[in-house]
Amino acid sequence: MEMILATKSSTPIIGQLATVMGWIMDGIYRLLNIFGIQNIGLCIIIFSILIYALMTPLQIKQQKFSKLSAIMQPELQKIQKKYKGKNNDTAAMQKMQEETQAVYQKYGVSPTGSCVQLAIQFPILMALYQVIYKIPAYVGSVRDILASAVTSITGVNGYTDILQQFITDNKMTRVQLIMDGSKATSNSVTDFLYALSPSQWKTLTDTLNSTAKEISHVQNFFGLNIADQPLTYIKAAFVGGSALLAIVAILIPILAWATQMINLKLMPQAAQQSGDSQQDAMMNSMKTMNMVMPLMSAVFCFTFPVGLGIYWVASAAVRSVQQVVINKKMDKIQIEDLISENMKKMEKKREKAGLPPQKITNQAHQSAKNINKIEKGSSNTNVETRAKKVEEAYKDAANAKPGSITAKANLVKAFDERNKKK
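This structure is a prediction, so every number in the text was calculated from the model and none was measured.

## Notes on the overall build of the protein
Moving on, step 1. A count of helical and extended segments in the protein gives 19 helices and four strands.
Moving on, step 2. Within the protein, buried positions represent 45% of all 422 residues.
Moving on, step 3. A separation of at least 24 residues holds for 73% of the contacts in the protein among residues at least 6 apart in sequence.
Moving on, step 4. Carbon and sulfur atoms form 60% of the exposed surface of the protein, whose accessible area is close to 23500 Å².

Set out below in structure tokens:
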């Protein structure tokens, strides 16, 4: 007997991650089933909470980087202005790169720090989307419900033409039969059955009635079928359908937009205009995208399955709660502690690589103390002022070649002289 494995993603990494997440989703379904609860919509909500909770450490790391980045930006912008218009000067570009690297080194962060976190999160989020969008492919319990119906259909002569005509008549644009020769595969038949709305199930043969009742029960979420589209319920309301279901369906896109906007408001806000036209243009583009993306999600929700809309709402709500917790945690973190933590990690890496400790780390540590003193005793705590205090510790090294032994010696000398004066 052929084993039914509904259509899965074949993309490397994303496909494997989706399979693992499918096992988690299936485990949640089986656990709820023990208590007599058979509801995919509820599974999606619990699944979203669990996955985003596991991603919390990545979110914290990314925002630690953002907190330091806000202080580093004035220094980096100053370096960019210093070498502006010297793109064709190889020596100048090399010095610019060395000075930029020195700033990152001062704070104990990597220039690719934020990119690494995003690179890890991206395939996870893509895999998450695959699981929600293709429930039968990854959730074995749902696939098993449809197994007998698939066997009945594929045993009928000419079933491919019958299904194709059914798809055309009912305008099921999301469903596409995958062919194996002249016949549709069992996987695509499974996907077809899962995509049916309750009214479409009624038009199928009597032999599928028991499956129709069972899968409709599992897919029900506040009266909506999670495989159906909100637009379907809205159109139905104009021809005698339930107005209440239409209202519930409209709430899905509205909540998708609202929860994502709340999440964006809770995220750390970018700094004000910097004066750098290229960077300011990038910041304005980001702000525009932050306004457009939630609106696009709301529009897509009308024609995407209700289950996907539930996931967007649940995940945005979870991220908002997560962000509130992270914001409170980040507010308690002192810049000095953050730099010290990064320096310790950097020194461990250098030690493993057989390199000597960096004297420059002591300088950054002392500079961070100065920042925290200013923050506690003065109202003038804007980003540029804090960055300036850190930068002062390094001014004496500016006359030496960046990255040279002389430059580092000057830094240590300056540090010792200041301590003697105290």
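Text resumes after the structure shown.
## Quick word on a nonpolar patch on the surface
Moving on, step 1. On the surface, Met-286, Met-289, Met-291, Val-292, Met-293, Met-296, Val-299 and Phe-300 cluster together into a nonpolar patch covering about 700 Å² of accessible area.
Moving on, step 2. Here Met-293 shows up in helix 14 (residues 277-303).

## What to know about the nonpolar core
Moving on, step 1. Residues Met-25, Ile-40, Phe-47, Phe-192, Leu-193 and Tyr-194 are the most contacted members of the largest nonpolar core, which totals 62 residues.
Moving on, step 2. For Met-25, the contacting residues outside a window of four places in its chain are Ile-40, Cys-43, Ile-44, Phe-47, Val-131, Ile-132, Ile-135 and Val-139.

## A short note on the packing of helix 7 (residues 140-154) against helix 9 (residues 186-194)
Helices that pack against each other are described as a pair by the angle of their axes relative to one another and the distance between those axes.
Moving on, step 1. Where helix 7 contacts helix 9, the axes come no closer than 9 Å and their chain directions differ by 115 degrees. Relative to helix 9, the element helix 7 lies roughly perpendicular. The interaxial crossing formed by helix 7 with helix 9 has right-handed handedness. Contacts between helix 7 and helix 9 involve Val-142, Arg-143, Leu-146, Ala-149, Val-150, Ile-153 and Thr-154 on the former and, on the latter, Ser-186, Val-189, Thr-190, Leu-193 and Tyr-194.
Moving on, step 2. Looking at the contact of helix 7 with helix 9, its residues break down into eight nonpolar, three polar and one charged.

## Description of the packing of aromatic side chains
We describe a pair of aromatic rings using the distance from one ring centre to the other and the angle between the two ring planes.
Moving on, step 1. Counting across every chain of the model gives six aromatic pairs.
Moving on, step 2. Ring centres of Phe-166 and Phe-192 lie 5.7 Å apart, and the angle between their planes is 85 degrees; this geometry places the pair in the edge-to-face category. Of this pair, Phe-166 sits in helix 8 (residues 159-169) while Phe-192 sits in helix 9; the two residues are 26 residues apart in sequence, bridging distant segments of the chain. Here Phe-166 matches Phe-192 in class, with each residue buried.

## Some thoughts on the side chain of Ser-188
Moving on, step 1. In this structure, Ser-188 sits in helix 9.
Moving on, step 2. Its relative accessible area of 0% is what places Ser-188 among the buried residues.
Moving on, step 3. A distance of 3.3 Å separates a polar atom in the side chain of Ser-188 from the backbone nitrogen of Ile-178.
Moving on, step 4. Within the local environment of Ser-188, its side chain forms a polar contact with the backbone oxygen of Thr-185, the two atoms lying 2.9 Å apart.

## What about the environment of Ile-40?
Moving on, step 1. Examined against the element boundaries, Ile-40 turns out to sit in helix 2 (residues 40-54).
Moving on, step 2. Since its relative accessible area comes to 0%, Ile-40 is described here as buried.
Moving on, step 3. Put simply, Ile-40 and Asp-26 are 14 residues apart on the chain and 9.7 Å apart in space, counted from C-alpha to C-alpha.
Moving on, step 4. Here Ile-40 is in contact with Met-25, Tyr-29, Ile-135, Val-142, Tyr-194, Val-218 and Ile-226, once residues within four sequence places are set aside.

## What about the pattern of salt bridges?
Moving on, step 1. Counted according to the given criterion, the structure contains two salt bridges.
Moving on, step 2. A salt bridge links Asp-26 to Arg-30; the nearest nitrogen and oxygen atoms lie 2.8 Å apart. Pair noted here: Asp-26 and Arg-30 are both in helix 1 (residues 14-34), with a separation of four residues, about one helical turn.
Moving on, step 3. Relative accessible area serves as the criterion here: at 45%, Arg-30 is assigned to the partly exposed category.
Moving on, step 4. Note that Lys-82 is salt-bridged to Glu-99, the shortest N-O span being 3.1 Å. Residue Lys-82 is located in helix 3 (residues 56-82), and its partner Glu-99 is located in helix 4 (residues 90-107); the two are separated by 17 residues in the primary sequence.

What counts and what doesn't
- Residues numbered from 1 in each chain as written.
- Predicted model: local features only at pLDDT ≥ 70, side-chain atom pairs only at ≥ 80, totals over all residues.
- Heavy atoms only, no water.
- Helix = DSSP H or I, 4+ residues; strand = E, 2+ residues; numbered from the N terminus.
- Buried < 20%, exposed > 50% of the residue type's maximum accessible area, 1.4 Å probe, protein only.
- Contact = heavy atoms within 4.5 Å.
- Areas by Shrake-Rupley, 256 points an atom, 1.4 Å probe, with all protein chains shown as cover.
- Patch = residues over 30% accessible without salt bridge, like charges linked within 9 Å, V, L, I, M, F, W, Y side chains within 5 Å.
- Salt bridge = Lys/Arg side-chain N within 4 Å of Asp/Glu carboxyl O.
- Core = buried A, V, L, I, M, F, W, Y, C linked by side-chain atoms within 4.5 Å.
- Axes fitted to C-alpha atoms, helices over the stretch in contact; angles between N-to-C directions.
- Parallel < 35°, antiparallel > 145°, perpendicular 65-115°, else oblique.
- Left-handed = near helix turned anticlockwise from the far one by under 90°.
- Nonpolar A, V, L, I, M, F, W, Y, C, P; charged D, E, K, R; others polar.
- Phe/Tyr/Trp six-rings, centres within 6.5 Å; stacked < 30°, edge-to-face > 60°.
- Polar contact = N/O pair within 3.5 Å; in protein donor to acceptor, adjacent residues only side chain to side chain.

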